[in-house]
Amino acid sequence: MLLAHGFLMDHTMFDPQVEALRDRYRVITFDQRGFGDTPVSGPFTYWDSAADALGILDELGIDQAVLGGMSQGGFLSLRAALTAPERVQALVLIDSQAGVEDPANMESYDTLHDVWMSQGPEPVQEAVASIILGEGEWHDWYAKWAALPRESFAHTYRCLMDRDDITDRIGEITCPTLLIHGTADAAIPIEKAEALRDGLRGPTTFVPIEGGSHASNLTHPEPVNQAIVEFLDSLDLG
């Protein structure tokens, strides 16, 4: 299974899932463009990120895999399934959707972006963490955000905010899909995940995580891990 992280995260956000799954499945994580150890040099889209994910499979000699992701990791996983359906055995989508950002949030998100670009993340890091991670102590992530080049932030932010709407194409996806979504997700309302569930044509399992944040795999790893294990175990991956 190839897992793709969310915006402002890196591959380590899936450490709880790797730990839970490693004895039963091969779990591959990676840093997307502009995050962790992967640089970004210019504009890109989630279609490019989907190609990156498929390229990782190529590099590792993997013909087929389960693709999974949290938020933007789900965005690229859906696009990979549309690009190369024969290579995607199943999808695991955590706190994600097929559409675009709610226009009502655009102005406030742009304000956060502008402050970050002009002053760095510190003035807005708690507000950003409340959207992505919810309540808690997130100093490790604050340190990572402080080290993120502002040019990288600008490119990744534009990719996020300017992404295309693929809602009208999700009926093309027929592989089994697990949808996991936190009931307290402040970034993507659970109704967006329900709409995704209703639009997919393949067998779909929907698991709400009570009290889960936008990064429910981090804040509520046990029910998320249980859902993933049960889903993978139910698949014929031979």
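Above: the structure in question.
Summarised in this report is the structure supplied together with it. Because the structure is predicted, anything quoted here is derived from the model rather than measured.

## Here's the deal with the overall build of the protein
Working step 1: Of the regular secondary structure elements, the protein holds ten helices and six strands.
Working step 2: Over its C-alpha trace the protein gives a radius of gyration of 17 Å, about what one expects of a compact globule, namely 18 Å for 238 residues.
Working step 3: For the protein, long-range pairs separated by at least 24 residues make up 77% of all intrachain contacts whose partners lie at least 6 apart in sequence.
Working step 4: Put simply, the protein shows about 10600 Å² of open surface, and 48% of that area lies on carbon and sulfur atoms.
Working step 5: For the protein, the distance from the average position of its 14 positive side-chain charges to the average position of its 38 negative side-chain charges is 5 Å.

## Here's the deal with the layout of surface pockets
Working step 1: The space that makes up the largest pocket amounts to roughly 200 Å³.
Working step 2: Looking at the lining of the largest pocket residue by residue, the classes come out as nine nonpolar, four polar and three charged.
Working step 3: Computed from the structure, the second largest pocket encloses a volume of approximately 170 Å³.
Working step 4: Lining of the second largest pocket is provided by Met1, Tyr25, Arg26, Ile28, Ile62, Gln64, Ala65, Val66, Gln89, Leu232 and Leu237.
Working step 5: When the residues that make up the lining of the second largest pocket are grouped by side-chain class, the tally is eight nonpolar, two polar and one charged.

## Section: the packing of aromatic side chains
Working step 1: For the coordinates displayed, the defined rule picks out seven aromatic pairs.
Working step 2: Note on Phe7 and Phe153: the rings are 6.1 Å apart at their centroids and 40 degrees apart in plane angle, and the pair reads as tilted. You can see Phe7 sitting in the loop between strand 1 (2–4) and helix 1 (15–21) and its partner Phe153 sitting in helix 7 (residues 150–161), a full 146 residues away along the chain.
Working step 3: Residue Phe153 is classed as buried on the basis of its relative accessible area of 3%.
Working step 4: An aromatic cluster is defined as three or more aromatic residues linked by ring pairs; in this entry it consists of Phe7, Phe35, Trp116, Tyr142, Trp145, Phe153 and Tyr157.
Working step 5: Above the plane of the ring of Trp141 lies Lys144, whose end atom (NZ or CZ) is 4.4 Å from the centre.
Working step 6: The side chain of Arg197 reaches across the aromatic face of Phe206, ending 5.1 Å from its centre.

## A look at the sheet that holds strand 5 (residues 177–182)
Working step 1: The parallel open sheet is built from six strands, whose spatial order is 2-1-3-4-5-6. Every other strand in the sheet has two partners, leaving strand 2 (28–30) and strand 6 (204–209) as the edge strands with one partner each. Going across the sheet, the axis of each strand differs from the next one's by a mean of 15 degrees, ignoring polarity.
Working step 2: In this structure, strand 5 lies alongside strand 6, joined through six bridges in parallel fashion.

## Some details on the pattern of salt bridges
Working step 1: For the structure on display, the rule yields ten salt bridges.
Working step 2: Between Lys144 and Asp10 there is a salt bridge, and its shortest N-O distance comes to 2.9 Å. A residue pair is termed long-range when its members are at least 10 positions apart, and Lys144 in helix 6 (residues 139–147) and Asp10 in the loop between strand 1 and helix 1 qualify at 134 residues.
Working step 3: Relative accessible area serves as the criterion here: at 34%, Lys144 is assigned to the partly exposed category.
Working step 4: Note that Arg24 is salt-bridged to Asp233, the shortest N-O span being 2.4 Å. Taken together, the residues span a long stretch of sequence, with Arg24 in the loop between helix 1 and strand 2 and Asp233 in helix 10 (residues 221–234) at a distance of 209 residues.

Parameters at a glance
- Residues numbered from 1 in each chain as written.
- Predicted model: local features only at pLDDT ≥ 70, side-chain atom pairs only at ≥ 80, totals over all residues.
- Heavy atoms only, no water.
- Helix = DSSP H or I, 4+ residues; strand = E, 2+ residues; numbered from the N terminus.
- Rg over C-alpha atoms; globule rule 2.2 N^0.38 Å.
- Contact = heavy atoms within 4.5 Å.
- Areas by Shrake-Rupley, 256 points an atom, 1.4 Å probe, with all protein chains shown as cover.
- Lys, Arg positive; Asp, Glu negative; His and termini not counted.
- Charge placed at Lys NZ, Arg CZ, Asp CG, Glu CD.
- 1 Å grid on protein atoms, 1.4 Å probe; cavity = no way out; pocket = protein on both sides within 12 Å on 5 of 7 lines; lining within 4 Å.
- Points joined across faces, edges and corners; volume = space filled by probe spheres on them.
- Nonpolar A, V, L, I, M, F, W, Y, C, P; charged D, E, K, R; others polar.
- Phe/Tyr/Trp six-rings, centres within 6.5 Å; stacked < 30°, edge-to-face > 60°.
- Buried < 20%, exposed > 50% of the residue type's maximum accessible area, 1.4 Å probe, protein only.
- Lys NZ or Arg CZ within 6 Å of the ring centre and 35° of its normal.
- Pairing = 2+ DSSP bridges.
- Axes fitted to C-alpha atoms, helices over the stretch in contact; angles between N-to-C directions.
- Salt bridge = Lys/Arg side-chain N within 4 Å of Asp/Glu carboxyl O.

Geometry only, nothing functional implied.
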